[in-house]
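# Tertiary structure, described
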Amino acid sequence: MNTELSRNQRLKFFFINVAAFASIFLLLGFITLQLLQSSAYRQTDLSLTQMAKNTHLIQMEINRYQQDDPFLAQPNNQRIEHGPDGNNRFNSQIILWSKDGKILNKNVLGGRFTELASLSLDNEHLDAIQTLTLKNTSDVTQKLSFHSYTIKADDQDGQVAYIQFLANTNQIADSMKIFKTILIICMVIFWLISIGISFYISKMNMKPIMNAWHKQQEFVENASHELRTPLTIIQNSLQRLFTKPEHT
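Just so it is clear, the model here is predicted, and its values are computed rather than measured.

## Considerations on the overall build of the chain
- Helix and strand counts for the chain come out as 4 helices and 4 strands.
- Overall, the chain shows an N-to-C arrangement of helices and strands of α-α-β-α-β-β-β-α.
- Counting all 248 residues of the chain, 28% fall into the buried class.
- Sequence separation of 24 or more characterises 57% of the internal contacts of the chain that already satisfy a separation of 6 or more.
- A total of about 16,800 Å² of accessible surface is found on the chain, and carbon and sulfur atoms cover 59% of it.

Written out as structure tokens, the structure reads:
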């Protein structure tokens, strides 16, 4: 086998191995990201649906709005940190909407309303988890990420038409970005390592081919050597016969 053919075959093995490693790393990264993303937001989405089913919590929020008292029926040591259902009130909000899309409990929300000033009512996707991105009015460079769950209110007075449950997901999103960065860096590093491994594997794959080629060459050379002697004898005999064409 000539040098050019051997080099081409080795390059072919090399590129096949590199492509195989790249495909495996990409598939592994995609599956890892999908599983992590679904599990990262699962607890948040579950918390929102549980809040929507908590009639005591909903009625408490309506009472706060009606009496304009954000600390109504909360123990003094839990007025800010936790709501009556044990959910973290820093990350979760309850928005009371009127029929015409106005937020009713602005006063109850207090300073937190500045973060939700750009929020608008979406009554076309009720009873479903939605992803929202809002601009922070106090810091225009910052974007706030939320998961939202909106239900139709059962308010006898008719003031509250819809109730929206929000959970801030900025911490989860930031963690996901850091994880994606680390995952991409690791994939690139290991892919570079796989290039060296692919080069070594391609070299090892060529060994049996080259060994078989050398054995074939040796066989041809040996066969040629073994056949040369009887062919020479036959040739000499024929030449001797041709010198006396009249003899049988």
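Having seen it, we continue.
## Description of unusual backbone geometry
- Phi is positive for aspartate 127, close to 55 degrees, though the residue is something other than glycine.
- By the secondary structure assignment, aspartate 127 is in the loop between α3 (106-109) and β2 (129-136).

## What about the packing of aromatic side chains?
- Here the structure, examined in full by the defined rule, presents 3 aromatic pairs.
- Seen in terms of ring centroids, phenylalanine 14 and phenylalanine 15 are 5.4 Å apart; in terms of plane orientation they differ by 65 degrees. Their pairing is edge-to-face.
- For phenylalanine 14, a relative accessible area of 16% gives the class buried.
- Given a relative accessible area of 53%, phenylalanine 15 falls into the exposed group.
- One aromatic cluster in this structure is built from Phe14, Phe15 and Phe199.

## Points about the nonpolar core
- Counting residues in hydrophobic clusters, the biggest one holds 15 residues, and the most contacted among them are Ile58, Ile94, Leu96, Tyr149, Ile151, Ile163 and Phe165.
- If you list the elements that add at least two residues to this core, you get α1 (3-53), α2 (55-67), β1 (92-97), β3 (139-152) and β4 (162-168).
- Setting aside residues no more than four positions away along its own chain, isoleucine 163 makes contact with Ile58, Ile94, Ile95, Leu96, Tyr149, Thr150, Ile151 and Ala153.
- Phe113, Leu119, Leu134 and Leu166 belong to the second largest nonpolar core, which has 13 residues in total.

## Quick word on the pairing of β4
- The buried fraction of β4 is high, at 7 of 7 residues.
- On β4, burial covers both faces: Tyr162, Gln164, Leu166 and Asn168 on one face and Ile163, Phe165 and Ala167 on the other are all buried.

## Some words on the environment of phenylalanine 71
- With respect to the helices and strands, the residue phenylalanine 71 is situated in the loop between α2 and β1.
- Separated by 10 residues in sequence, phenylalanine 71 and glutamate 61 place their C-alpha atoms 9.9 Å apart.

## Here's the deal with a nonpolar patch on the surface
- A contiguous nonpolar surface patch, about 640 Å² in accessible area, is contributed by Leu227, Leu231, Ile234, Leu238, Leu241 and Phe242.
- Summarising the element assignment, leucine 241 is placed in helix α4 (residues 170-243).

## Structural notes on α2
- For α2, with 13 residues, the first-to-last C-alpha span of 18 Å sits near the 18 Å given by 1.5 Å per residue.
- For α2, every residue scored as buried is listed here: Leu57, Ile58, Met60, Glu61, Ile62 and Arg64.
- Its side-chain oxygen 3.2 Å from the backbone nitrogen of histidine 56, asparagine 54 forms the N-cap of α2.
- Immediately downstream of α2, the backbone of aspartate 68 shows phi near 55 degrees, a positive value.

## Overview of the confidence of the model for the chain
- Per-residue pLDDT for the chain has a mean of 79; in total, 86% of the residues score no lower than 70.
- Here α3 is the element of the chain with the lowest mean pLDDT, 80, and β4 is the one with the highest, 90.
- Every residue in residues 75-89 scores below 50 in pLDDT, and together they form 29 contacts with partners more than four places removed in sequence or on other chains.

## Re α4
- The end-to-end C-alpha distance of α4 is 105 Å, a good match for the 110 Å that 74 residues give at a rise of 1.5 Å each.
- Arginine 228 marks where α4 bends most, by close to 30 degrees; the proline proline 230 follows one to four residues later.
- When α4 is considered as a whole, its buried residues turn out to be Asn170, Ile172, Ala173, Met176, Leu183, Met187, Ser194, Ser198, Ser202 and Met206.

## Describing the pattern of salt bridges
- Across all of its chains, the model carries 1 salt bridge by this definition.
- With its nearest N and O atoms 2.8 Å apart, the salt bridge here joins arginine 64 to glutamate 61. Placement of both arginine 64 and glutamate 61 in helix α2 is noted, with a separation of 3 residues, approximately one turn of the helix.
- Under the relative-accessibility criterion, arginine 64 is labelled buried at 1%.
- The buried category is assigned to glutamate 61, whose relative accessible area is 1%.

Scoring rules and cut-offs
Residues numbered from 1 in each chain as written. Predicted model: local features only at pLDDT ≥ 70, side-chain atom pairs only at ≥ 80, totals over all residues. Heavy atoms only, no water. Helix = DSSP H or I, 4+ residues; strand = E, 2+ residues; numbered from the N terminus. Buried < 20%, exposed > 50% of the residue type's maximum accessible area, 1.4 Å probe, protein only. Contact = heavy atoms within 4.5 Å. Areas by Shrake-Rupley, 256 points an atom, 1.4 Å probe, with all protein chains shown as cover. Phe/Tyr/Trp six-rings, centres within 6.5 Å; stacked < 30°, edge-to-face > 60°. Core = buried A, V, L, I, M, F, W, Y, C linked by side-chain atoms within 4.5 Å. Patch = residues over 30% accessible without salt bridge, like charges linked within 9 Å, V, L, I, M, F, W, Y side chains within 5 Å. Salt bridge = Lys/Arg side-chain N within 4 Å of Asp/Glu carboxyl O. Expected span 1.5 Å × (residues − 1). Polar contact = N/O pair within 3.5 Å; in protein donor to acceptor, adjacent residues only side chain to side chain. pLDDT = per-residue confidence, 0-100. Bend = angle between axes of the 7 residues up to and from the residue.

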